[in-house]
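Coordinate analysis (summary)
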Amino acid sequence: MSGLCNVFIIDNDTFGVAIVSSKFNEKNFWSGRWKNLAEVKFTSSGVKVSGTVGATVHYYECGNVQMNTGQDFSSEISCTVSATNNYSEACQKVADLIM
């Protein structure tokens, strides 16, 4: 399985996380892709994480069958958001939620 992760700044207190992973198995006639796009917003009381998770599966032996599915999500995490602790607690809780 191969994948890619990007983190990008949206504004002063918000950043985005994009994660994509693909698996291709030509020998068994299938392929699949998992993708996650999340927006992470730091607030005074914690972190708000929202986004979409999606999966695509393609099976093409003796025909052509595809499945696409996705799910929106949103969660608020209560934690200390402070530059004095290098945002470590907030970042660890966000990583635990997304991964």
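Above this text you will find the structure in question.
Below is a short write-up of the structure.

Definitions and limits used
- Residues numbered from 1 in each chain as written.
- Predicted model: local features only at pLDDT ≥ 70, side-chain atom pairs only at ≥ 80, totals over all residues.
- Heavy atoms only, no water.
- Core = buried A, V, L, I, M, F, W, Y, C linked by side-chain atoms within 4.5 Å.
- Buried < 20%, exposed > 50% of the residue type's maximum accessible area, 1.4 Å probe, protein only.
- Helix = DSSP H or I, 4+ residues; strand = E, 2+ residues; numbered from the N terminus.
- Pairing = 2+ DSSP bridges.
- Axes fitted to C-alpha atoms, helices over the stretch in contact; angles between N-to-C directions.
- Salt bridge = Lys/Arg side-chain N within 4 Å of Asp/Glu carboxyl O.
- Phe/Tyr/Trp six-rings, centres within 6.5 Å; stacked < 30°, edge-to-face > 60°.
- Polar contact = N/O pair within 3.5 Å; in protein donor to acceptor, adjacent residues only side chain to side chain.
- Contact = heavy atoms within 4.5 Å.

Attention shifts here to the nonpolar core. Membership of the largest hydrophobic core is limited to 10 residues, which are Phe15, Val17, Ile19, Ala38, Val40, Phe42, Val47, Val49, Ile77 and Cys79. Sorting the residues of this core by element identifies β2 (14-25), β3 (30-43) and β4 (46-59) as the ones contributing at least two each.

For the rest of this paragraph, the subject is the sheet that holds strand β1 (residues 2-11). Overall, antiparallel pairing links the five strands, which are arranged β1-β2-β3-β4-β5 in an open sheet. The strands lining the two open edges of the sheet, one partner per strand, are β1 and β5 (65-78). The mean angle between the axes of side-by-side strands here comes to 10°, regardless of whether they run parallel or antiparallel. Summarising the sheet, β2 and β3 pair through 12 bridges and their orientation is antiparallel. Opposite Val20, over in β3, you have Lys35 as the bridge partner.

Take the pattern of salt bridges next. Per the counting criterion, the structure on display carries one salt bridge. One salt bridge connects Lys41 with Asp13, and the closest N-O pair in it is separated by 3.3 Å. On the criterion of sequence distance, the pair formed by Lys41 in strand β3 and Asp13 in the loop between β1 and β2 is long-range, its members being 28 residues apart.

What follows covers the packing of aromatic side chains. Considering all chains together, one arrives at two aromatic pairs under this definition. Ring geometry for Phe15 versus Phe42: centroids 5.7 Å apart, planes at 35°, classification tilted. Separated by 27 residues along the polypeptide, Phe15 in strand β2 and Phe42 in strand β3 bring together distant segments of the chain. Owing to a relative accessible area of 14%, Phe42 belongs among the buried residues under this scheme. Pairing Phe29 with Tyr60 gives two aromatic rings, centres 6.1 Å apart and planes at 90°, and the pair type is edge-to-face. Pair noted here: Phe29 is in the loop between β2 and β3 and Tyr60 is in the loop between β4 and β5, with a separation of 31 residues, a long-range link. Take Tyr60: its relative accessible area is 30%, and that puts it in the partly exposed class.

This paragraph deals with the side chain of Thr14. As for its placement among the helices and strands, Thr14 is situated in strand β2. Here Asp11 takes part through its side chain, which lies 3.1 Å from a polar atom of the side chain of Thr14. In this structure, Thr14 is in contact with Ile9, Glu39, Val40 and Lys41, ignoring residues within four places of it in sequence.

These results come straight from atomic positions and should not be treated as a statement about function.
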